[in-house]
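Geometric and topological summary
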Amino acid sequence: MTMPFASTDPLWRIRQILVHYPIMSKRVRARMRRMLFQRGVITKREFEEKVRELAIESQRREGLVNPLLEEPAEVWEERLEWARAYLTDFYFAYHLPFSEFDRILREVRSERRPLAEDEEGLTFNPELAPRAQLFEEAFAIEQMPPEQRARQEARLQEIKVVLIRDFISDQLGYVGLAKRWLTIEDLDYIRRRKIGPGKIGGKAAGMLLAYRILQSVADEELKNSLRIPESYFLGADVMYAFMAHNDLMKWAVQKYKPEEQIQAEYPQLREEYLRGDFPPDLRARFEELLHEVGNKPLIVRSSSLLEDNFGTAFAGKYESHFVPNQGSFQENLQRLIRAIASVYASGLAPDPLLYRKARGLIDYDERIAILIQVVEGEPYRHFYFPQAAGVAFSRNMFPWSAQIRPEDGFVRLVWGLGTRAVDRVGNDYPRLVALSHPELQPTISAKARRYYSQRYIDLIDLEADDYRVMEAHEVLQGRYPVLPLIASLDEGGYLAPLHTQRVPKDRREDLVITFDGWLRRTPFAPRMRSILRLLEKHYGVPVDLEFAARVPNPRASTPDVEITILQCRPQSHYREQKIDLPKDLRPEDIVLETHTVMPYGQVEGIRYVLFVPPEGYYALKTAEERRLLTRAISKLNARLANETFICVGPGRWGTSNPDLGVHVGYADIHNARALIELSGHNVGPAPEPSLGTHFFQDLMEAQIYPLAVDLDDPRTVFRREFFYDTPNHFADFLPEERWQAIVPALRLIAVEDYRAGQRMNLVLDALHGHAVGFVAPPQTSEENAQA
């Protein structure tokens, strides 16, 4: 029952009215306080003293006696805000006419002005203020006329920095860049699509920042061709909620365990994560997400707090998983949850933990946010994939011709999902594009171009509800509108352009994925060159960019191209060094010499060479023997951590196909200084340059130099007596019996066994495509300092 005086009491009336304006009430009360101070009802200093007294009194009623020590600072701020609101209403109600309150309310309702304009001084701390309040004020500032907004620019910057640190990243390099470019609308987009507490991580941050920079500085034609995928952000703190809900906190200490224990326990850890589930409130949010996207295929990507930072890209360290999203609703939900759990587990895998140790980041609280995106692509038959995808770099680290301008950038381009561009896959090759000369290729002959072309496509099979890898000619059945842009026809001695959207069944295997038409007829290359230049300019460092692309009008005489930004981060690079290729080397001192595409670099004082003899490797009969070899290499890598050593072996180091090279991961070779890849007769084809893959990113960040050696090239020197006739020190480091089966496939060579008291130096001259490994006396400390 209402008290008799309630309807006429001015304090009750004011408070009842303001209940209906929860956001606007802050602005109304600010205007009310200003009138109280101007009319001498109470001074500002007296008012704030009363606020503090009332707040402390409220603490005492709750049994607290110290405002700073017995409750968190943010709770104390909320208490002050409550007291300030109450006293504003109290003094105004009993000292000024109700008509003045009514006038203020009408004024505020008719205008949108930031709170800062109504206060003579700030009465709240933006770090502790409710985020809704910050967004309201920031939106109001951004809508002001230019002159009025200029007076509030510092305030807007402060709000943006608070929101960036809260939602995205507290890495100062990123915050400094993002506050210049991100708008409040961008931050509100994150707020509306974020699930759970915590930051959204580096991968999501890089995508949004790159897109905003380009939308701000690019010309209209370029801006209209750009987009980002439909995205949702799972906050980083949700990872701990998942771990607590599934009794997984015991695994939080993995990073402090020995390497061998990390390796041994990971299968059990992963299995337990994959059995996990989310609390009901989070499951409900995932259900909402699935209802919103319908049956569009999804990709679940890691977006950790350290990922894609300046100098630590974490490229490929954490997993990503496709969710085809074609099953029943409950099946799709369970696959989404399993994909998220798998990404969480990958954060505690050996590769990322050893990567963090190597960079002094092991003590960092590396929570993993999740980026859930609709997969870029379009249906073709019962498959789903993009017309093109890949990774682009603003600096070309491996120019294969003197014509190429490294500063114009480089692209790894594939047909289908971009996983084929960033993973070092077996027996398949992307199109390598030097953006200064898009049609200039590392190989010239039709035979070589066919060999070094893409044979397989990564896609989503909508009928099978699964991610698949298929042969290109199996997929290309029936009319495909962009076929003339992505493929050529092998006519024996040359590759002919296609002029049809359909190829007869008996010629499908003659199709070669070249992207010749794409690069010749569309604006893809100049557009990508502009994108990379602009991002490098405004990032202040070279960048790499993962993307998808499509031609919306393939039948046009000059087809257009649209580019979707998937990810952007600072580009890894090798340290600049003064490279001096010795001019007076004696032939007997040269152990290794090759002429090929390579980066600039040098490794001095090499004491050991870990050599995998090609004939020994290919003689391994079982997959288990090859896995044993990988484990042996990993153990030698750990035991040689304080030595300078390089690895030499057949085919591709880091390939996913053991038939084409030594299957190792970053954790297995991260202490090496160079990876030398042998090719030639009875060894295997020359590996494609690995530039652009996640494995290559690892090598650059760890300053590990990749080098190809073609044993069939008459200019090559490969000193067999060094590699085969020297003692094998393998057993000195791994004497256990279980390693004996792979001894013929692994040799550990001490350089001083070949030339007493000497070491090996490796010099790579990218300009001339010439590298030499030679023995020489160790440099003195003084010589090292001069170098």
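Summarised in this report is the structure supplied together with it. No experiment lies behind these values; they were computed from the predicted model shown. (Residues numbered from 1 in each chain as written. Predicted model: local features only at pLDDT ≥ 70, side-chain atom pairs only at ≥ 80, totals over all residues. Heavy atoms only, no water.)

1. A word on the overall build of the chain
Definition in use: Runs of E in the DSSP output that reach at least two residues are strands. Runs of H or I that reach at least four are helices, and both are numbered from the N terminus. Residue burial is assigned from relative accessible area. The probe radius is 1.4 Å, only protein chains are included, and a residue is buried under 20% of its type maximum, exposed over 50%, and partly exposed in between. When checking whether two residues touch, look at their non-hydrogen atoms; a contact exists if any pair is within 4.5 Å. Reported accessibility uses the Shrake-Rupley method at a 1.4 Å probe radius. Residues are deemed covered only where the shown protein chains occlude them.
In terms of regular secondary structure, the chain is built from 32 helices and 28 strands. Scored against the burial criterion, the 787 residues of the chain give a buried share of 57%. A sequence separation of at least 24 residues applies to 75% of the contacts in the chain between residues at least 6 apart. Roughly 33600 Å² of accessible area belongs to the chain as shown, and the carbon and sulfur atoms make up 50% of that amount.

2. Comments concerning the nonpolar core
When a protein is soluble and globular, its nonpolar side chains tend to lie buried together. Inclusion rule: To qualify as a nonpolar core, a set must consist of buried Ala, Val, Leu, Ile, Met, Phe, Trp, Tyr and Cys residues joined through side-chain atoms within 4.5 Å.
Membership of the largest hydrophobic core comes to 87 residues, with the highest contact counts inside it found for I168, W415, W518, F524, M528 and L535. Considering each element in turn, this core owes the most residues, nine residues, to helix α12 (residues 202-217). Once residues within four sequence positions are removed from consideration, W518 is found in contact with Q387, A388, L413, L485, I486, F524, A549, R550, V551 and V561. Core analysis: the second largest hydrophobic core is formed by 40 residues, Y273, L290, A339 and A349 among them.

3. Points about unusual backbone geometry
The phi torsion of most residues other than glycine is negative, and most of the peptide bonds are trans. In the Ramachandran plot, D247 falls in the positive-phi region, its phi being about 55 degrees despite a non-glycine side chain. You can call D247 exposed: its relative accessible area is 60%.

4. Here's the deal with the packing of helix α7 (residues 131-142) against helix α11 (residues 184-193)
Spelled out, the test is: Axis definition: a line fitted to C-alpha atoms, limited for helices to the stretch in contact. Angles are taken between N-to-C directions and run from 0 to 180 degrees. Note on angle classes: values under 35 degrees are labelled roughly parallel, values over 145 roughly antiparallel, values of 65 to 115 roughly perpendicular, and the remainder oblique. Should the near helix be turned anticlockwise from the far one by less than a right angle, the crossing is left-handed, and should it be turned clockwise, the crossing is right-handed.
As a packed pair, α7 and α11 sit with axes 10 Å apart at the nearest point and diverge in direction by 150 degrees. Taken together, the axis directions place α7 and α11 in an arrangement best described as roughly antiparallel. The two elements α7 and α11 cross, and the hand of that crossing is left-handed. Where α7 abuts α11, its residues R131, A132, F135, A138, F139 and E142 lie against I184, E185, L187, D188 and R191.

5. Quick look at the pairing of strand β4 (residues 298-304)
Rules: Pairing between strands is defined by DSSP: at least two bridges between them are needed.
Of all seven residues making up β4, seven are buried, and the element is well covered by its neighbours. Residue alternation in β4 divides its side chains into two sets, L298, V300, S302 and S304 and I299, R301 and S303, and both sets are buried. Sheet topology places β4 next to strand β5 (residues 320-323); four bridges connect them, and they run antiparallel. Bridge pairing in β5 places I299 opposite F322.

6. Points about the pattern of salt bridges
Oppositely charged side chains are able to pair whenever their charged atoms sit close together. Stated formally: A side-chain nitrogen of Lys or Arg and a carboxyl oxygen of Asp or Glu constitute a salt bridge if their distance falls within 4 Å.
As enumerated under the stated definition, the model contains 60 salt bridges in all. The salt bridge involving E81 is made with R84; its shortest N-O contact spans 2.6 Å. With E81 and R84 both in helix α4 (residues 73-95), this residue pair falls three residues apart, about one helical turn. According to the relative accessible area criterion, E81 is partly exposed, its value standing at 26%.

7. Things to note about the sheet that holds strand β3 (residues 231-234)
Overall, mixed pairing links the five strands, which are arranged β1-β3-β6-β4-β5 in an open sheet. What marks the edges here is a single partner per strand, and that holds for β1 (194-195) and β5. Where β3 and strand β6 (residues 368-374) come together, four bridges link them in antiparallel fashion. By the bridge assignment for β6, L234 is matched with I370.

8. Things to note about helix α17 (residues 329-346)
Formally: The span expected for a helix works out to 1.5 Å for each residue beyond the first.
Between its first and last C-alpha atoms α17 spans 26 Å; for 18 residues at 1.5 Å apiece the expected length is 26 Å, and the two agree. Regarding α17, the residues found buried are N332, L333, L336, I337, A339, I340, A341, S342, V343, Y344, A345 and S346.

9. Quick word on the pairing of strand β28 (residues 770-776)
Of all seven residues in β28, seven are buried, a share of seventy percent or more. Taking every second residue as pointing to the same face, both faces of β28 are buried, with H770, V772, F774 and A776 on one and A771, G773 and V775 on the other. Sheet topology places strand β19 (residues 590-595) next to β28; five bridges connect them, and they run antiparallel. Counted as the bridge partner of E593 is V772 from β28. Here seven bridges tie strand β27 (residues 759-765) to β28, and the two strands are oriented antiparallel to one another. Bridge pairing in β28 links V763 to V772. Counted along the chain from β27 to the antiparallel partner β28, the turn is four residues long, and its residue G769 has a positive phi close to 60 degrees.

10. So, the packing of helix α16 (residues 280-293) against α17
Applicable threshold: All amino acids are sorted into three groups, where Ala, Val, Leu, Ile, Met, Phe, Trp, Tyr, Cys and Pro are nonpolar, Asp, Glu, Lys and Arg are charged, and the leftover types, Gly among them, are polar.
Here α16 crosses α17 at 120 degrees, and the two axes come no closer than 10 Å. Read as a crossing pair, α16 and α17 show a hand that is right-handed. Of the residues in α17, those touching α16 at R283, F286, E287, L290 and H291 are F329, Q330, N332, L333, Q334, L336, I337 and I340. Tallied by class, the residues present in the contact of α16 with α17 amount to seven nonpolar, four polar and two charged.

11. Structural notes on the sheet that holds strand β25 (residues 717-718)
Read across the open sheet, the five strands follow the order β20-β27-β28-β19-β25; overall the sheet is antiparallel. The strands lining the two open edges of the sheet, one partner per strand, are β20 (601-606) and β25.

12. Considering helix α9 (residues 153-167)
Between its terminal C-alpha atoms α9 stretches 21 Å, which fits the 21 Å expected from 15 residues at 1.5 Å a residue. Listed in full, the buried residues belonging to α9 are R155, L156, I159, K160, V161, V162, L163, I164 and F167.

13. Structural notes on the side chain of E546
The cut-off we apply is this: The term polar contact refers here to a pair of N or O atoms within 3.5 Å; inside protein, the definition further demands a hydrogen-donor-capable atom paired with an acceptor-capable atom, and it admits residues adjacent in sequence only when both atoms are side-chain atoms.
In this structure, E546 sits in strand β17 (residues 543-550). By relative accessible area, E546 is classed as buried at 9%. There is a polar contact of 3.4 Å between the side chain of E546 and the side chain of R301.

14. A closer look at the packing of aromatic side chains
Inclusion rule: Stacked, tilted and edge-to-face are the three classes applied to pairs of Phe, Tyr and Trp rings, where Trp contributes its six-membered ring and a pair requires centres within 6.5 Å; stacked means planes under 30 degrees apart, edge-to-face means over 60, and tilted covers the rest.
Applying the stated criterion across every chain yields a total of 35 aromatic pairs. Ring plane angle 75 degrees and centroid distance 6.1 Å describe the contact between Y189 and F233, whose orientation is recorded as edge-to-face. On the criterion of sequence distance, the pair formed by Y189 in helix α11 and F233 in strand β3 is long-range, its members being 44 residues apart. Ring plane angle 55 degrees and centroid distance 6.2 Å describe the contact between F611 and F718, whose orientation is recorded as tilted. Residue F611 is found in strand β21 (residues 608-611), and its partner F718 is found in strand β25; the two are separated by 107 residues along the sequence. A relative accessible area of 0% places F611 in the buried class.

15. A short note on the environment of I457
Tracing the sequence through the fold places I457 in strand β12 (residues 456-461). By relative accessible area, I457 is classed as buried at 0%. With residues near it in sequence (within four places) discarded, I457 still touches F385, W415, G416, R420, R468, V469, M470, A472 and V475.

16. Considerations on the side chain of H670
As for its position among the elements, H670 is in the loop between α27 (666-669) and β23 (674-679). Within polar-contact distance, the side chain of H670 engages the side chain of N637 at 3.3 Å. Filtering out sequence-adjacent residues up to four positions away, H670 remains in contact with L354, N637 and I704.

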